[in-house]
Amino acid sequence: MMYKVMAWLFLAQLLIQILRIHAKVPAIIVFGDSSVDSGNNNQVQTILKSNFEPYGRDFNEGRPTGRFSNGRLATDFISEAFGVKPVVPAYLDPTYHITDFATGVCFASAGTGYDNATSNVLSVIPFWKELEYYKEYQKQLRDYLGHQKADEVLSESLYLISLGTNDFLENYYILPGRRLKFSVEEYQSFLVGIAGNFITELFQLGARKISLSGLPPMGCLPLERTTNILSRRDCVEKYNNVAGDFNGKLQELVVKLKKELSGIRLVLTNPFDILLEIIQSPHSFGFEEAAVACCATGVVEMGYMCNKFNPLTCADADKYVFWDAFHPTEKTNWIVADHVVKHSLAEFL
């Protein structure tokens with residue numbers, strides 16, 4: 001009897017796997033920074049980690065995964081919305097294998113950026129290395145599924161790219177190197193060039209359905225508002241304007257690449273407007289606080305400064321737009337994911 005039950009469970013799991021592989025979007029493949037890192041930095045020698053409490057306290061039975069939130073990320077919710085699976089596993093997590101990655105995998109690294117100099121700041125995975133990991137993954141997938149089926153999965157998968165904030169807030173406006181070389185407009189164009197090259201190579205490797213995320217209103221992150229003391233912790237409009245301008249350049253890039261790369265289905269997923277609306281009218285979305293974060297004092301803490309020993313961490317993260325001074329709560333991630341699925345990503349459903 002037990003043998004029959006085990007056999008039935010095995011066949012059921014196999015059927016689910018086959019159905020997923022034949023779905024319209026058989027897998028979600030993620031590149032980027034902490035906005036989408038599901039735990040790769042756990043395996044990297046860097047101080048930028050979140051694999052400890054209270055991170056993840058409202059997810060996975062309270063066990064931290066390395067996600068910079070109290071729960072799931074927007075990419076997890078997007079994966080679920082496409083009927084794939086509720087979480088996108090980190091490629092470097094040794095508890096996962098190609099059987100898991102066949103329907104979704106994350107190569108993102110918290111603290112990285114388009115610019116290699118950005119990843120050097122906190123010794124995290126550079127953007128180019130994420131693509132090298134993807135090439136490894138392609139080989140593993142072909143060994144697992146066979147070349148024809150693997151190539152089908154790779155071409156039908158949805159690729160999500162989300163990064164850029166660190167290039168400005170961790171690099172350009174903090175360290176002198178890039179500011180001595182570029183005006184902010186020139187630096188934006190420099191980053192857009194890197195994005196274009198990355199997408200072109202991804203296309204050449206077989207990707208067709210690609211979402212490029214714009215920047216959030218980064219001047220409204222609690223950490224940036226804290227530096228704006230003279231304006232009573234209002235949003236830093238200079239940073240918001242830079243984000244808006246950069247998003248405009250990304251949209252121009254999308255238009256350009258769609259003309260140059262025949263067969264590509266490329267969209268700009270712009271979280272700027274929905275996040276700004278949430279921040280400016282938090283009560284309309286069921287929040288009570290948008291200017292400070294849930295963890296610790298909510299004004300400067302993230303990473304190791306946001307830990308279980310701080311008695312000031314809020315009791316209910318759902319009342320807050322931000323979890324730590326740089327990253328949204330799970331509730332905010334869900335709202336943003338729901339918005340982009342219904343708008344930017346709707347053509348892939």
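Here is a short report on the structure shown in this document. (Residues numbered from 1 in each chain as written. Predicted model: local features only at pLDDT ≥ 70, side-chain atom pairs only at ≥ 80, totals over all residues. Heavy atoms only, no water.)

**Regarding the state of the cysteines**
As used in these notes, a disulfide is a covalent bond between sulfur atoms, one from each of two cysteines. Taken as a whole and assessed by the stated rule, the structure comprises 3 disulfides. Here Cys-220 pairs with Cys-235 through a disulfide, and the sulfurs are 2.1 Å apart. Residues Cys-220 and Cys-235 are joined through a disulfide that is right-handed, its torsion about the S-S bond being 115°. Here Cys-235 lies in the loop between α10 (222–227) and α11 (237–260) and Cys-220 lies in the loop between β4 (209–213) and α10, a separation of 15 residues in the sequence. Here Cys-235 falls in the buried class, since its relative accessible area comes to 17%. There is a disulfide in this structure between Cys-295 and Cys-306, and the S-S distance comes to 2.0 Å. Sign of the S-S torsion, about 105° for the bond between Cys-295 and Cys-306, identifies this disulfide as right-handed. Taken together, the residues span a long stretch of sequence, with Cys-295 in the loop between α12 (272–280) and α13 (330–342) and Cys-306 in the loop between α12 and α13 at a distance of 11 residues. (Disulfide = S-S within 2.5 Å. Helix = DSSP H or I, 4+ residues; strand = E, 2+ residues; numbered from the N terminus. Buried < 20%, exposed > 50% of the residue type's maximum accessible area, 1.4 Å probe, protein only.)

**Description of the pattern of salt bridges**
All chains considered together, the criterion is met by 14 salt bridges. We note a salt bridge from Asp-115 to Arg-178, for which the minimum N-O separation is 2.7 Å. Of this pair, Asp-115 sits in the loop between β2 (104–106) and α4 (116–121) while Arg-178 sits in helix α8 (residues 176–181), placing them 63 residues apart in sequence. The residues Asp-115 and Arg-178 share a single accessibility class, namely buried. (Salt bridge = Lys/Arg side-chain N within 4 Å of Asp/Glu carboxyl O.)

**Some points on the packing of helix α7 (residues 165–172) against helix α9 (residues 184–204)**
For the pair α7 and α9, interaxial distance at closest approach is 11 Å and the crossing angle is 135°. The angle between α7 and α9 falls in the class oblique. α7 and α9 meet at a crossing whose hand is right-handed. For the pair formed by α7 and α9, the contact residues are Asp-167, Phe-168, Asn-171 and Tyr-172 on the first element and Val-184, Tyr-187, Gln-188 and Leu-191 on the second. Split by residue class, the contact of α7 with α9 holds 5 nonpolar, 2 polar and 1 charged. (Axes fitted to C-alpha atoms, helices over the stretch in contact; angles between N-to-C directions. Parallel < 35°, antiparallel > 145°, perpendicular 65-115°, else oblique. Left-handed = near helix turned anticlockwise from the far one by under 90°. Contact = heavy atoms within 4.5 Å. Nonpolar A, V, L, I, M, F, W, Y, C, P; charged D, E, K, R; others polar.)

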